[in-house]
Amino acid sequence: MKIGIVCYPTFGGSGVLATELGKALADKGHQVHFITYQQPVRLNVFNANIFYHEVRVPTYPLFDYPPYELALASTMVDVIINHDLDLLHVHYAIPHASAAYMAKQIVKQKNGRNIPVITTLHGTDITLVGKDKTYEPVVTFSINESDAITAVSRNLKEETYRYFDIKKEIDVIYNFVDVHRFDKKPLEAFRQVIAPDNEKILIHASNFRKVKRVDDVVKVFAQVSKALPAKLLMVGDGPERHAIEELCRQYGVDAQVRFLGKQEQMEEILAVSDLFLLPSEYESFGLAALEAMAARVVVISSNAGGLAEINVHGSTGFLTQVGDVDTMSKYAIELLSNNSYLAEMKEKAYQHACQFDISKIIPQYEKLYSRFCRMETVKKC
Ligand code: GMT
């Protein structure tokens, strides 16, 4: 099939997922056209089946707000027509679903084709940004106008029905991880640099936004490091980063914490880590936690949103109420003080991550696509 993928090109989970999906589809012989404003960060391979179409937004002195959505819709029209796409798969509703609706109408008028649009909801497009009155009518409309809707967890599906008047069925297709890529042996030299005295290594990775509650990570780490020798790796960057660095100084743990910034080789960093902390206020899924589990890293997370659908309490890690820093710290200390317990849970985390392996999830998307193949473009598929 010829598939158009529209996503954010950044380090965020939705962009990562969409890019990995496109790469996997291309490996399976589909022709994949990425449409976005920058080369996606995980689009770091050459594959003859992958095309990248950059959306350019010309500036003009009149525009205080350059109309990205119009430029995106026009690029979609261009790619659909000139590359004869079979369907468009947009990731993150805002503004991708409404731009896709506009492109669909234009293509219909121009050459009579009804290009199928699949919208995958990722989380904040529903729970944080989408439900805001500023966007809600457009989000509701464009989700309802999609030919198929998927959500990355059962929780996100429920939240979508709760906040929006959605008339259609939402399919749950879980996020995935390439377990093979994350199943890496630790680089001893790297571990030596980070933890020369064999300290336990805790890790957090996010976009450092308020919803991630990164301050709870520091508070948990402060309790852990009083109980045992430990280091904390902070991966990613975002609005809270400076405040969090300051908090580390206030808690007197700054010497044990390393801020690594945005990183592409997460598998190398996770390979030396013992415990991943994700105390978020909300996660529709928590792709970063799944990647950690695939790298045999135990997860302590909040029980918000869809996190309980991937992190199994007492098996792959622990779940607590949002903000319950003391209980998170207690679990972390118990786990990190007992090497055989830690090894056992690491293995369980890995085994559970295998259930979300890319090989199990990609066919679910292909099956979904094939619904539209039969309906509209049977000859081309
Ligand atoms: O976590 C973020 O703020 C980034 C956001 C995104 O859209 O990139 O992540 C969302 O989508 C990911 C991929 O489906 C999920 O794993 C994250 O849980 C979800 N984030 C939230 O729901 C806060």
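These numbers come from a predicted model, not from an experiment.

A. Representation of the overall build of the chain. The helix and strand tally for the chain stands at 15 helices and 13 strands. Computed over its C-alpha atoms, the radius of gyration of the chain comes to 22 Å, within 12% of the 21 Å expected for a compact globule of 381 residues. With respect to the three principal axes, the spread of C-alpha positions in the chain is 70 × 45 × 35 Å. In the chain, which comprises 381 residues, the share counted as buried stands at 56%. Looking at the chain alone, contacts between residues at least 24 apart form 68% of all its contacts between residues at least 6 apart. Put simply, the chain shows about 16500 Å² of open surface, and 51% of that area lies on carbon and sulfur atoms. When the 42 positive and 46 negative side-chain charges of the chain are each reduced to one mean point, those points stand 3 Å apart.

B. Local environment of the sheet that holds strand β8 (residues 200-205). The sheet built from 6 strands is open, its strands ordered β10-β9-β8-β11-β12-β13 with parallel pairing. A strand with exactly one partner marks an edge of an open sheet, and here the two such strands are β10 (257-261) and β13 (317-320). Averaged over neighbouring strand pairs, the angle between their axes works out to 20° when direction is ignored. The pairing of β8 with strand β9 (residues 230-235) spans 6 bridges and is parallel. Residue pairing across strands places Ala205 opposite Val235, the latter belonging to β9. Against the sheet, helix α9 (residues 214-227) makes contact with β8, β9, β10 and β11 (275-278), and its axis sits at roughly 165° relative to β9, the strand it touches most.

C. Molecular detail of α9. Here α9 spans 21 Å end to end across 14 residues, near enough to the 20 Å set by a 1.5 Å rise per residue. Along α9, the positions that sit buried rather than exposed are Val214, Asp216, Val217, Val218, Val220, Phe221, Ala222, Val224 and Ser225. Residues of α9 that are buried sit in contact with β8, β9, α10 (241-250), β10, β11 and α13 (325-336).

D. Up close: the sheet that holds strand β6 (residues 148-151). Strand order in the open sheet formed by 7 strands is β3-β2-β1-β4-β5-β6-β7, with parallel pairing between adjacent strands. Every other strand in the sheet has two partners, leaving β3 (50-54) and β7 (170-172) as the edge strands with one partner each. Going from strand to strand, the sheet's axes swing by 25° on average, the running direction of each strand aside. As judged from the 4 bridges shared by strand β5 (residues 117-121) and β6, these two strands associate in the parallel manner.

E. Up close: the site of the ligand. If you check the shell around the ligand, you find 17 residues, and the closest are Ser14, His122, Asn175, Lys212 and Glu283. Take His122: an N or O atom from its side chain is 2.7 Å from an oxygen atom of the ligand. Computed on the free molecule, the ligand has an accessible area of 480 Å², of which 93% lies beneath the protein chains in the complex. Class assignment for the residues of the shell around the ligand results in 5 nonpolar, 10 polar and 2 charged.

F. Fine view of the side chain of His204. Secondary-structure assignment places His204 in strand β8. Among the polar contacts listed, one links the side chain of His204 to the side chain of Ser206, at a separation of 2.9 Å. From its side chain, His204 meets the backbone oxygen of Leu277 in a polar contact 2.9 Å long. Sequence-distant contacts of His204, that is, excluding residues within four places in its chain, are made with Val214, Val217, Leu232, Leu233, Met234, Val235, Phe276, Leu277, Leu278 and Pro279.

G. The confidence of the model for the chain, seen in detail. For the chain, per-residue confidence averages 95 on the pLDDT scale, and residues scoring 70 or more make up 98% of the total. Low pLDDT, under 50, characterises residues 374-379; the stretch is placed with 9 contacts to residues that sit more than four places away or in other chains.

H. Here's a closer look at the packing of α9 against α10. At a closest axis distance of 10 Å, the pairing of α9 and α10 adopts a crossing angle of 20°. Relative to α10, α9 is oriented roughly parallel. Along this stretch, α9 crosses α10, giving a crossing that reads as right-handed. Residue-level inspection shows Val214, Asp215 and Val218 of α9 in contact with α10, the latter providing Ile244, Leu247 and Cys248. Of the residues that constitute the contact of α9 with α10, the class distribution is 5 nonpolar, no polar and 1 charged.

I. Main features of the packing of aromatic side chains. On inspection of all chains with the given rule, the structure shows 10 aromatic pairs. On the basis of an interplanar angle of 85° and a centroid distance of 4.8 Å, the ring pair of Tyr101 and Phe141 is categorised as edge-to-face. With a gap of 40 residues between them, Tyr101 in helix α3 (residues 93-111) and Phe141 in helix α5 (residues 136-145) connect regions that are remote in the sequence. Owing to a relative accessible area of 25%, Tyr101 belongs among the partly exposed residues under this scheme. Three or more aromatic residues link up through ring pairs in this structure, and these residues are Tyr8, Tyr37, Tyr68 and Tyr92. It is Arg296 that lies over the ring of Tyr350; its NZ or CZ is 3.8 Å from the centre. The aromatic ring of Tyr331 is capped on one face by Lys330, whose charged end is 4.7 Å from the ring centroid.

J. Seen up close, α13. Its 12 residues place the ends of α13 16 Å apart at the C-alpha level, agreeing with the 16 Å of an ideal helix rising 1.5 Å per residue. Of the residues making up α13, those classed as buried are Val325, Met328, Ser329, Tyr331, Ala332, Leu335 and Leu336. The buried residues of α13 occupy an angular sector of 165° when the element is viewed end-on, so they sit on one face. Those residues of α13 hidden inside the fold are in contact with β8, α9, β11, β12 (298-302), β13 and α14 (339-353).

What counts, and where the lines are drawn
- Counting starts from 1 at the beginning of each chain's written sequence and moves along it residue by residue.
- Thresholds applied to this predicted model are a pLDDT of at least 70 for local features of residues and 80 or more for the giving and counting of side-chain atom pairs; totals over whole chains, interfaces and linings are not thresholded and use all residues.
- To get the side-chain values, take all heavy atoms of the structure and skip hydrogens and water.
- Put simply, DSSP H or I for four residues or longer makes a helix, DSSP E for two residues or longer makes a strand, and each gets a number counted from the N terminus.
- When we talk radius of gyration, it's over C-alpha atoms, and the globule rule is simply 2.2 Å times the number of residues to the 0.38.
- Each residue is assigned to one of three classes by its accessible area relative to the maximum for its type, calculated with a 1.4 Å probe on protein chains only: buried under 20%, partly exposed between the two thresholds, exposed over 50%.
- Note on definitions: a residue-residue contact is assigned when non-hydrogen atoms from the two residues lie within 4.5 Å.
- Here the open area of atoms and residues is found with the Shrake-Rupley method and a 1.4 Å probe, where only the protein chains shown may cover a residue.
- The sign given to each residue is positive for Lys and Arg and negative for Asp and Glu; His and the chain ends receive no count.
- The location of each charge is read from NZ of Lys, CZ of Arg, CG of Asp or CD of Glu.
- For two strands to pair, DSSP has to find at least two bridges joining them.
- Lines fitted to C-alpha atoms define the axes, with helix axes restricted to the stretch in contact, and inter-axis angles between N-to-C directions lie between 0 and 180 degrees.
- Expected span of a helix, by definition, is 1.5 Å for each gap between consecutive residues, and there is one gap fewer than residues.
- Definition of nearness: a residue and a molecule or strand are near each other if at least one heavy atom of the residue lies within 4 Å of the molecule or strand.
- Any pair of N or O atoms that falls within 3.5 Å is considered a polar contact. Within protein, one atom must be able to donate a hydrogen and the other to accept it, and sequence-neighbouring residues count only if both atoms are side-chain atoms.
- Three residue categories are used. Nonpolar comprises Ala, Val, Leu, Ile, Met, Phe, Trp, Tyr, Cys and Pro, charged comprises Asp, Glu, Lys and Arg, and polar comprises the others, including Gly.
- Scored from 0 to 100, pLDDT records how confident the predictor is in each individual residue.
- Oblique is the label for any angle not under 35 degrees, not over 145, and not in the 65 to 115 range, which are roughly parallel, roughly antiparallel and roughly perpendicular in turn.
- Here is the rule for handedness: rotate from the far helix to the near one, and if that takes an anticlockwise turn smaller than a right angle the crossing is left-handed, while a clockwise turn gives right-handed.
- For this analysis, a ring pair means two rings from Phe, Tyr or Trp (six-membered ring only for Trp) whose centres lie within 6.5 Å, classed as stacked if their planes differ by under 30 degrees, edge-to-face if by over 60, and tilted for the remaining angles.
- A ring has a charge above it when a Lys NZ or an Arg CZ is no more than 6 Å from the ring centre and no more than 35 degrees off the ring normal.
- Within this analysis, the arc is defined by the directions that extend from the helix axis to the C-beta atoms.

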